[in-house]
Amino acid sequence: MIKPKLSLMEAYMVESLRSKGVSNEEIVTLVEQGNAGRLKEIEPRFDYDELVKAARKDLAVFRSALFVGYEVKFVTFNGLKNLLRMRFGKKEERDYALTETGIRNLRLTSSELEQLSDMLSSNWVITSEGSGAVTVELNKPAGPTIHR
């Protein structure tokens, strides 16, 4: 089965609602009702009209994204840090160190690691550091080659 994909902003909205204690079922119900106003009351940082509009295009896919899991279409560096904070409560410097190409010394439970792996877009690679921690780095393609 192909994992449903959400935009980074849609993932932010879903994860911020979850962090406020909103259940997947309540999110689906409010989206089905087109109740972006109630979602905004719960978490005022976002405009939920776009989430409602996108989710209502295919409610079955949206429901699957919430209950089974989703992949973010494209995760930026700041997006990675925000998702770690929103989804797992992980904070920079306390829970991981920044590198030029990602993060290191991130400790997650096996369940959290699986969720993160499933969620991240293909521009990221997760590797074990051997100490129980992981590194998450940009998956850089080979640089340009100059033929002479």
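See the structure shown above.
Quick caveat, the model's predicted, so the values are computed rather than measured.

Caption draft 1: Representation of the sheet that holds strand S6 (residues 134–138). Here we have four strands laid out as an open sheet, ordered S3-S4-S6-S5, and antiparallel in their pairing. With one partner strand each, in any of the chains shown, strand S3 (97–98) and strand S5 (124–128) form the two edges of the open sheet. Where strand S4 (residues 102–106) and S6 come together, three bridges link them in antiparallel fashion. For Gly102, the partnering residue across the bridge sits in S6 and is Glu137. Against the sheet, helix H6 (residues 77–88) makes contact with S3, S4, S5 and S6, and its axis sits at roughly 30° relative to S4, the strand it touches most. Where helix H7 (residues 110–119) meets the sheet, it contacts S4, S5 and S6, and its direction lies at approximately 155° from that of S5.

Caption draft 2: A look at the pattern of salt bridges. Under the definition given, this model contains ten salt bridges. Between Arg18 and Glu15 there is a salt bridge; the shortest N-O distance is 2.9 Å. Here Arg18 and its partner Glu15 are both found in helix H1 (residues 8–19), three residues apart, which amounts to about one turn of the helix. Given the relative accessible area of 1%, Glu15 is considered buried. With a closest N to O distance of 3.7 Å, Lys20 and Glu43 form a salt bridge. Taken together, the residues Lys20 in the loop between H1 and helix H2 (24–32) and Glu43 in the loop between helix H3 (36–42) and helix H4 (49–57) connect sequence positions 23 residues apart. Judged by its relative accessible area of 3%, Glu43 is buried. Among the ionic contacts, a cluster of salt bridges with common partners joins Glu15, Arg18 and Arg87.

Caption draft 3: Representation of the nonpolar core within the structure. Formed by 41 residues in total, the largest nonpolar core has its most connected members in Phe62, Leu80, Leu106 and Leu116. Ranked by residue count, the leading element in this core is H1, at six residues. The contacts of Leu106, once residues within four sequence positions are left out, are Leu84, Lys90, Asp95, Tyr96, Leu116, Gly132, Ala133, Val134 and Val136.

The rules behind these values
- Residue positions are counted from 1 within each chain, in the order its sequence is given.
- Only residues with pLDDT of at least 70 get local features here, since the model is predicted, and only at 80 or more are side-chain atom pairs given and counted; chain-wide, interface and lining totals rely on the full set of residues.
- Side-chain numbers come from the whole structure's heavy atoms, not from hydrogens or water.
- Between any two strands, pairing holds if DSSP finds at least two bridges.
- A helix here means a DSSP run of H or I that spans at least four residues, while a strand means a run of E at least two residues long, and both kinds are numbered starting from the N terminus.
- Contacts are residue-level and defined by heavy atoms, with any inter-residue pair within 4.5 Å sufficient.
- Structural elements are reduced to axes, namely lines fitted to C-alpha atoms, with helices fitted over the stretch in contact, and the angle between N-to-C directions of any two is expressed from 0 to 180 degrees.
- Each reported salt bridge corresponds to a side-chain nitrogen of Lys or Arg within 4 Å of a carboxyl oxygen of Asp or Glu.
- Exposed residues in this analysis have more than 50% of their type's maximum accessible area, buried residues have under 20%, and partly exposed residues fall in between, with area computed by a 1.4 Å probe over protein chains only.
- By nonpolar core we mean a set of buried residues, namely Ala, Val, Leu, Ile, Met, Phe, Trp, Tyr and Cys, connected to one another through side-chain atoms within 4.5 Å.

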